[in-house]
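Per-entry structural report
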Amino acid sequence: MKRSRVGIAAGLLVSLAVVAAAVAQEKAATPAAKPTAPAAKPAAPATAKPAAPATAKSAAPAAKSAAPAAKAASGAPKSGPGSVIGEVIDPACWVINGAKGEAHKECAIACAKAGQTLAILERKTNKVYILASERPGEDPNKTLIDYVGQAVLAKGKIYSRGGLLAIQVASVEPAPKAGPK
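Remarks on the state of the cysteines
One pass over the full model with this rule turns up 0 disulfides. Of all cysteine sulfurs, the one in Cys111 lies closest to Cys107, which takes part in no disulfide; the gap is 4.1 Å.

Quick word on the nonpolar core
Counting 17 residues, the largest nonpolar core has Val88, Ile120, Tyr129, Leu131, Leu144 and Ile167 as the members making the most contacts within it. For this core, the secondary-structure elements that each account for two or more residues are strand 1 (78-89), helix 4 (105-113), strand 3 (128-131), strand 4 (151-161) and strand 5 (164-174). Leu144 has contacts with Val88, Leu118, Ile120, Leu131, Val169 and Val172, leaving out every residue within four places of it along the chain.

A short note on the pairing of strand 5
Here strand 3 pairs with strand 5 via 3 bridges, running parallel. Residue pairing in the sheet places Ile130 in a bridge with Ala166 of strand 5.

A short note on the pattern of salt bridges
As enumerated under the stated definition, the model contains 2 salt bridges in all. A salt bridge links Glu138 to Arg135; the nearest nitrogen and oxygen atoms lie 2.8 Å apart. Taking the relative accessible area as the measure of exposure, Glu138 reaches 26% and is therefore partly exposed. It is possible to trace a salt-bridge network through shared partners that takes in Arg135, Glu138 and Lys142.

Cut-offs and rules
Residues numbered from 1 in each chain as written. Predicted model: local features only at pLDDT ≥ 70, side-chain atom pairs only at ≥ 80, totals over all residues. Heavy atoms only, no water. Disulfide = S-S within 2.5 Å. Core = buried A, V, L, I, M, F, W, Y, C linked by side-chain atoms within 4.5 Å. Buried < 20%, exposed > 50% of the residue type's maximum accessible area, 1.4 Å probe, protein only. Helix = DSSP H or I, 4+ residues; strand = E, 2+ residues; numbered from the N terminus. Contact = heavy atoms within 4.5 Å. Pairing = 2+ DSSP bridges. Salt bridge = Lys/Arg side-chain N within 4 Å of Asp/Glu carboxyl O.

Just geometry here; none of it tells us what the structure is for.
Here's what the structure looks like:
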């Protein structure tokens, strides 16, 4: 009986050592915590001159300058008329495999017919403009599916939000040939 108690105690000690080692390893693997912000500065002494009360005239310029900042912070999209010159692509295959051009045309058309939204890979910047429809449920691909793998000049309304670019295509035509580099 005495021996089994020693064996149990030894087993518990080994288990504790394993757990302690795992915890230490986990702490070493996680990045160090960011330092805390310094303490706030003490308030100005009571002898400081009080601020002038706000009047309608003085508040108006501040409200006007704060409005654009509030709109930008709210995540409101930037939009307006514009045009894009570039190749019509399947964005999923382009991002994952770099697939584009005539060699990828059949696959991109099949994906578009299966529901993949097409996009335009801008010639100058390599930015991708996802196609957007005017109404929910409308097929955004209908204006560009005949141009997959080709360079186009698409005109319409361009949107930008959170790094994503989109275009509602109003008109499309084959792109002018790229000039020499």
